[in-house]
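Structural overview
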2 protein chains.
Amino acid sequence: MSFETVQIGLMPPADQVSADNLQQLVAYAQTKGFDYVVSPINSPGYRRVLFEDAGPQSPAMMAWRAGQEAFKPDDLVLRTADHSDFLVGTLSDWQDFDSQDAKVRLHSELALRQQLNWVSHLGLGGIMLPYPPASQPLANYGRVLTGALSMLPYTACWLKVPCMDEELEQGVAEELQGMKSWERWNSLRNMAGSESKLGVALEFSGALPTDQVLDRWFAEPIKAIILPDDVFLTNNKGYPVLSKRHQHVVRKFLKFKPYFLISTSTLPKLTIDEFSDDSLDQILASPHADYIRYLHRTQEQPNVIDQFATGYQDFLQAPLQPLQDNLESSTYETFEKDPIKYQLYELAVEKALRDRPVPTDGQPDITVIMVVGAGRGPLVNCSLRAAEKAGRNVRIYAVEKNPNAFVTIQNMKAQHWGDRVNIVFSDMRTWKAPEQADILVSELLGSFGDNELSPECLDGAQKVLKPDGISIPANYTAFVAPLSSTKLHADVSNFKDLKHFETSYVVMFKAVSLLAQPKPIWVFEHPNRIDIPMDQDPLSNHHNIRSGTMEFTSKTSGMIHGVAGYFESVLYKDVVMSINPATHSPGMFSWFPIYFPIQTPLFVPAGAQVVLDFWRLTDTRKVWYEWRVSCQVAGVGALQSSPLHNVGGRSSSIGLF
Amino acid sequence: MSFETVQIGLMPPADQVSADNLQQLVAYAQTKGFDYVVSPINSPGYRRVLFEDAGPQSPAMMAWRAGQEAFKPDDLVLRTADHSDFLVGTLSDWQDFDSQDAKVRLHSELALRQQLNWVSHLGLGGIMLPYPPASQPLANYGRVLTGALSMLPYTACWLKVPCMDEELEQGVAEELQGMKSWERWNSLRNMAGSESKLGVALEFSGALPTDQVLDRWFAEPIKAIILPDDVFLTNNKGYPVLSKRHQHVVRKFLKFKPYFLISTSTLPKLTIDEFSDDSLDQILASPHADYIRYLHRTQEQPNVIDQFATGYQDFLQAPLQPLQDNLESSTYETFEKDPIKYQLYELAVEKALRDRPVPTDGQPDITVIMVVGAGRGPLVNCSLRAAEKAGRNVRIYAVEKNPNAFVTIQNMKAQHWGDRVNIVFSDMRTWKAPEQADILVSELLGSFGDNELSPECLDGAQKVLKPDGISIPANYTAFVAPLSSTKLHADVSNFKDLKHFETSYVVMFKAVSLLAQPKPIWVFEHPNRIDIPMDQDPLSNHHNIRSGTMEFTSKTSGMIHGVAGYFESVLYKDVVMSINPATHSPGMFSWFPIYFPIQTPLFVPAGAQVVLDFWRLTDTRKVWYEWRVSCQVAGVGALQSSPLHNVGGRSSSIGLF
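Per an unreviewed UniProt entry, chain A goes by the name Protein arginine N-methyltransferase and belongs to Dissophora globulifera. Here is the UniProt Sequence similarities (unreviewed entry) comment for chain A, exactly as written: "Belongs to the class I-like SAM-binding methyltransferase superfamily."

**Topic: the environment of F406 of chain B**
Looking at the element boundaries, F406 of chain B is found in helix α14 (residues 403-417). Setting aside its immediate chain neighbours within four residues, F406 of chain B contacts E400, I423, V424 and F425 of chain B.

**Some words on the UniProt feature "site: Critical for specifying symmetric addition of methyl groups" (unreviewed entry) in chain A**
All names here are of chain A. UniProt records the feature "site: Critical for specifying symmetric addition of methyl groups" (unreviewed entry) for F335 in the present numbering. Relative to the elements of secondary structure, F335 occurs in helix α11 (residues 329-336). On the basis of relative accessible area, F335 is assigned to the partly exposed category, the value being 25%. Once residues lying within four places of it in the same chain are set aside, the contact partners of F335 are L320, Y342 and S590.

**With respect to the UniProt feature "binding site: S-adenosyl-L-methionine" (unreviewed entry) in chain A**
Residue and element names in this part refer to chain A. The UniProt record annotates "binding site: S-adenosyl-L-methionine" (unreviewed entry) at Y332, K341, Y342, E400, D427 and M428. With the annotated positions falling across 97 residues, the maximum pairwise C-alpha distance of 23.7 Å shows that they are not confined to a single cluster. Assignment of secondary structure puts Y342 in helix α12 (residues 341-355). Within the secondary structure layout, M428 lies in the loop between β13 (421-425) and β14 (437-442). In contact with M428, other than residues within four places in its own chain, are V372, G373, V399, L444, C457, G460 and A461.

**What about the domain arrangement of chain A?**
Taken domain by domain, chain A holds domain 1 (8-300), domain 2 (329-443) and domain 3 (475-655). Each of domain 1 of chain A and domain 2 of chain A has a C-alpha centre, and these two points are 61 Å apart.

**Here we look at the pairing of strand β25 (residues 622-633) of chain A**
Residue and element names in this part refer to chain A. Of all the twelve residues making up β25, eleven are buried; the element is thus mostly covered by neighbouring parts of the structure. Looking at chain direction, strand β24 (residues 609-618) and β25 are connected through ten bridges and run antiparallel. Within β25, the position partnered with L617 by the bridge is W624. What sits between β24 and β25 in their antiparallel hairpin is a turn of three residues.

**Quick look at the interface of chain B and chain A**
The parts lose accessible area when they come together, and the size of an interface is often stated as this lost area. Facing 49 residues of chain B, the contacting portion of chain A comprises 49 residues. Taken over both partners, the interface formed by chain B and chain A buries close to 4100 Å², and the fraction arising from carbon and sulfur atoms is 60%. Inspection of the chain B/chain A interface yields zero salt bridges. For the side of chain B that touches chain A, the secondary-structure elements that each account for two or more residues are α2 (59-65), α3 (102-122), α4 (139-148), α5 (179-192), β23 (594-604), β24 (609-618), β25 (622-633) and β26 (637-641) of chain B. Partitioned by chemical class, the residues of the side of chain B that touches chain A number 26 nonpolar, 15 polar and eight charged.

**Some thoughts on the relation of the copies chain B and chain A**
Two copies of a chain can be linked by a rotation about an axis combined with a shift along that same axis. The operation relating chain B to chain A is a screw motion whose rotation component is 180°, with 0.0 Å of axial translation and a residual RMSD of 0.1 Å. Such a combination of turn and shift is consistent with a two-fold rotation axis. Looking at chain B, 100% of its interface residues are interface residues in chain A too, so the copies touch through the same face.

Parameters at a glance
Residues numbered from 1 in each chain as written. Chains lettered and ligands numbered in written order. Predicted model: local features only at pLDDT ≥ 70, side-chain atom pairs only at ≥ 80, totals over all residues. Heavy atoms only, no water. UniProt positions renumbered as here; feature names shortened; annotations may be inferred. Helix = DSSP H or I, 4+ residues; strand = E, 2+ residues; numbered from the N terminus. Contact = heavy atoms within 4.5 Å. Buried < 20%, exposed > 50% of the residue type's maximum accessible area, 1.4 Å probe, protein only. Domains from an automatic or database assignment. Pairing = 2+ DSSP bridges. Buried area = accessible area lost by both parts, 1.4 Å probe. Salt bridge = Lys/Arg side-chain N within 4 Å of Asp/Glu carboxyl O. Nonpolar A, V, L, I, M, F, W, Y, C, P; charged D, E, K, R; others polar. Least-squares fit on C-alpha atoms with pLDDT ≥ 70 in both.

So, in C-alpha cells, the structure goes:
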C-alpha cells in the first residue's frame, strides 16, 4: 500500500456469509468501491469437528484427529481460490483453546491448523484471528498461535482486538478503560516473542479509550482498523461521518498506513435493483469508504521533518563517529539543508555580537570568532550573516580536520569569504591558535547532546578562548524516557547478538510510545573553567563522566523496550535548540532521537515506577554509555530489572581519536 | 579444597591490622592452625585519595585521577607479595560509590581500581569486597563491580553480605528478616548477569533468619561463611561451641564446601609469651577453628544417593532418548545397582500375583508376565523372585529391542532362567505376542515420568494384555516447582544459544532453592482402555497430549531460573515409587530431577504468585514439552512473563522412532 492510497474492506457479519452468496458479496463490494471483503473461511457447520457427543473411541473422531479426513464441501465458505486476492479470511470463533475440556482444547487446535492449511492452499493474502473473551485464560491460545503462525509465511495474520474492555475491572480508573484489552494482546504477543508476525486489527467502538491508553497501541504492529458502521454518525446531508474524537483517533493511526474495515451488523442487500427508487444509491461507492478516503486525503500534509524523514522512520542508524571517521559529503549536504538549525546559530551569534561592548578606548571593533569543526562552512556563513545584521566587524577562523571538507572551505574562501575568514586544517584539540577568540562556535552535538564527543572536543579547543570568551553552544542537556516499541526491539533482536542490544541507534521514531515524558539526566557547560585550568589541556577526561538515576511513573501498563534519548541546548542566552518533544525547535530535522535498547523487554504494571540508571563513562581512548532499566511498585518493592548494558563499553563506544 | 578438609581463616578487625604487625599476625595464625588470614590491603590513611578539601584543579588530585601517581608505602598494609597465598585481602570500606557527590563517586571507583590492580600485582588468591549499608543505593556500586571484576581473572572475589538485615522494614513480617539483605545482593548480581564471578561471604550473627529466608542463599554462589567469635557460646568445659540453630545452619551450608572465617572483634595477643601461665593455650590450635573442624568431621555421612551423586551434582545431563538410541551397557549397569527401585518392583509384582484368584475350575495356575523393555533382565529377576515369594507359577516373556542388551538376556536365559522365561527380540509396540498377558511390567519412566515416552510405548504394548490384565506401573504423575539456581542458569547460558535454554536437563540438584513445594501437573494411567480400542494400536497420539497451569505462592522474594520436575508412580496399589521430594523413595538413586531452564531469570517479589504453564505435545514423529513462567501479585496484576519456550519442539524433542 503506498502512502497515497488507503485500502478499505467490507466486513459483513460472519454468520450471514455463505458459499451461496459469496460471489454476489464480492461483486457488491467491488461495485461499492471496496478493496476487499472479509469472509469466514468455514461455515458454522464445521463446528461438527468438536464431536461433542462422540466418545473417545468414535472411529470418525479418531480418523479426523489422525488427519485422515479432509474438509467436506459443506464445511467451507471459501471453497476455491477464486477472488483470493480480494478476500481476507476469518477463522471460526467457536473454538475454545483454553476450555476445561481437553477434547475441546485439542479439537480447537486441530481445527485451527486445518483452517490454516486451507488458507495456505488458497493463497489468501490475509486472515483475521479470533480474540477470546476477557473471561477466558489465554495461555493455550497463545501457545497455539505461536506455533501455528509459522505455517503461513506469506499471509498477513491479524488478531482482532477490541480497543475497549468488555467490562471495567473493579478498582481500575475509568480513564484506564481499554488497558485490559491491550494487556491481553501483550500477553499473547509476549508468548510469541517480539519477532512474531502477528499483527493487530484494532476494533473501534462508540466510546474510545483515553489518549494515554490508546498511546500503548502506537508501539504495536497495528495493521488494520475495524470501524463498525454503527460507530458512524449521520450528518445534515444524510452522509455517514465520524465524531470529532473518532476522527482525531483515526488520524493518529493513519501514520501506520493501516487497512480499514467497515464492519456491518447486517448483510447489505446484494442485488442491485435497477428499477427501484434508490438504484443510484446502490451503484454509488460506499459512503463509509468514501468518508475514510476523505479523512485520508485531508490528513495533515507531511511537514518538512516528515518529508525529510520518509524512509528513515523506525530505521536503526549507527550514530556518527566524527572523531574516528571523516564525514562524507552527502552527510554534510543533508545536515546543511536544515532550515532551522542555522537560523538558530545565526541568531545566537548575532545576539552574542550585539552583547559585546564596543571598544571606547579607540581600539578597533573586531570580534574574533573561531568556528571549530567548520565542515563545509555553514557556521562560517552564519557568523558572517550575523556580523552583518549586528553591524559588527569579525575575524573568523574556520578549523576543520577532515581533509575532504577542507577542500570545500578552501573554495569557499577563494570564492566568497576572502580575507574575513582564515581557514585552518587541524584537529581543534591540538591547534596552536595565533590569537585568542571572543566566540567559539561549534556544531558537535549528537542526538543525546554529548554522544558525538562535543564535551571532549570543546575541552580541547577552549584554550584558544579568551578568559571572558563565550562558547556557542553554552550548554546542552541530555533527556531520557522509557520507550515502548515492538518494532525497534524486533529489529535489534534480528541481529541475534548481545553487541547490538548494547549499542545506541539514531532513529526517526514512528511505531513507538513513551511510557512517561522525558526528563533531564545531565548537562555539559562550555567553556569549562572549573575542571580545566586556563590555557591548558585537561589532564584526564574524568570531569566528563556523568551519571543519573531517573524515576518515571507509568500511568498505564506497558512494555519497556529501551530508552529514548534527546537533547536540549542553550546556544546563547534565550536561543535554545531542542529535539526534546516538549520543546522541539519547530521544523528542525538535523537530529532524530536516540534509542538505547534493552535485551529483554520489561513489563510495567499500571502505576509502577520505571527507574533508568544511566552512565556516561570514559577512559583514555574512548567514551561510552552504560544503562540499566528496572521497575518497582509501591507496596511490593522491586520488580524485574535488566542487567547492566554495555559494561565497560564492551559492545559500543565512541573513539576519542 | 577437597571434600575431606575444611579451610578456616582468621579475620581480625581491619583497623587493627597494619604493615607493622602483619608478619606477626601471619605467624600467629599459622601457630593457631588457621589456613589463612584476612587482612586489609590498604591502611586507613589511603582515604586521602578522596581529596576532600581539594578543589577541582588541585594538581595532586588531577595527577592521581590521571593515574600518574602510584601508591605511597604508607597507603598500604600489604606491601609485598610475601604470604600472598596465605592472605585474603579486604578492600577499604570508606568508599561511597553512590554518594551524592560526583567527586566521591569517581574517587571511590578510581581507588577501587587502584586496589584491584595492586591485588592482581600481588597475586592474592582472594579478596573480600565491602557491602554498602542498606540505607544506600547500589546502582553505581553494581556498575563499578560488574566492570572491575574482569580485572581479576584469577582471584576469588567475595562480597561480604550479612545474613540478617540491619533493620526490619515496616510492614515486613519478622519471619522474613534477612530477606532484604538477599534482595540487595540479588540486585547487585543481576546487574552483573548470572555469569558473574562474584561470590558471597555470608556473615552470620547471633540471630539467624528463618529456614525459608536462608533457603534463598542455597541458589547463590556461597563461597565463605563468616562466623564472628561472639556468635559462639561457651560450653561447660570453657570451649567455644555454636547454638543448636547455628550448628544446624552451618551443617546445611557444608554442602557448598565453603571457606570459614572466624572474625574477631579485637586483635588477638600476637606474641607467644613462653613464661606465662597460659602459654599452652597460646600455642594450641584455635578452639574456634577446632570446633568448625569438628562440625565438618561429624557431618552426616553421605548416603548411598550422595555417594552415587558425587561428581553429578549440578551437572547438566541430556535426558535419555531410549527409542532413538540404544542404551549402553554401563547405563544399564548403573541403574541396575539401585537398591530400592527393584525391591519396589518385586513387591509390586508379588502383590499383584497374590491378588490373582487361584483357578477353581481345575485350570493350571499360571500367570503370564510380560516384561517389555527388559534390558539386561533385572525386572525378569524381580518377577521370578516375586513369583517365588507369592508361591505362584509364572510364564515370563522378556521383550527387548536393543540387540546389545539382547545378547545379555540370551545368556541369562541359558544360564539362569531356563524355560520359565521366553525371550523376544522386538520393539514392544510391534510385537505379535503368541498369547495374552496377565501382567505387563515395564521400567520406562524418566525423571519427569513420561519424558522417555513410557506412555507411547505402553500404548503400543498394551494390546498383548488381557482385558482384565494389569500394568506395573499403574500410573505416574509429573510434578513441577519454580526453581532458583544461579549456577544452573549460568551453565546453560554458557552455551550461548537459544537451543540450550529450550532443552530440559537431568540434574542432581545442589546449589538450588525451590521457591515453593512441587505440585502435580498431569498423570498417565495404564492400560489406557479409554482412548485405545481393545487389541488395537492407537490411531494417533493425541490422547497423550497433556497440559497444565500451576500457581505457586512464594513467601519470600526470589529469582526464578527455571522449573524443577519430578515424578511419582503407583507401581501397584500401595507400592509407590517417587522422586518428588515430599515422598521420595528412601535410598533410590536411579533418577535425578529434571530442570527446564528459562532464558531470562524472573524476579518474584515476596508473596507473589508464580504461574507455570506446561504442555506435553506430540506429532507423528516426536514428543516435546513447551513451557512458560509468569508472575502476578495481588493488587497489581500481571508482572513479567517469559516467552513460550521450545515452540513446536524447535529446540528439543524426544523421537518416537
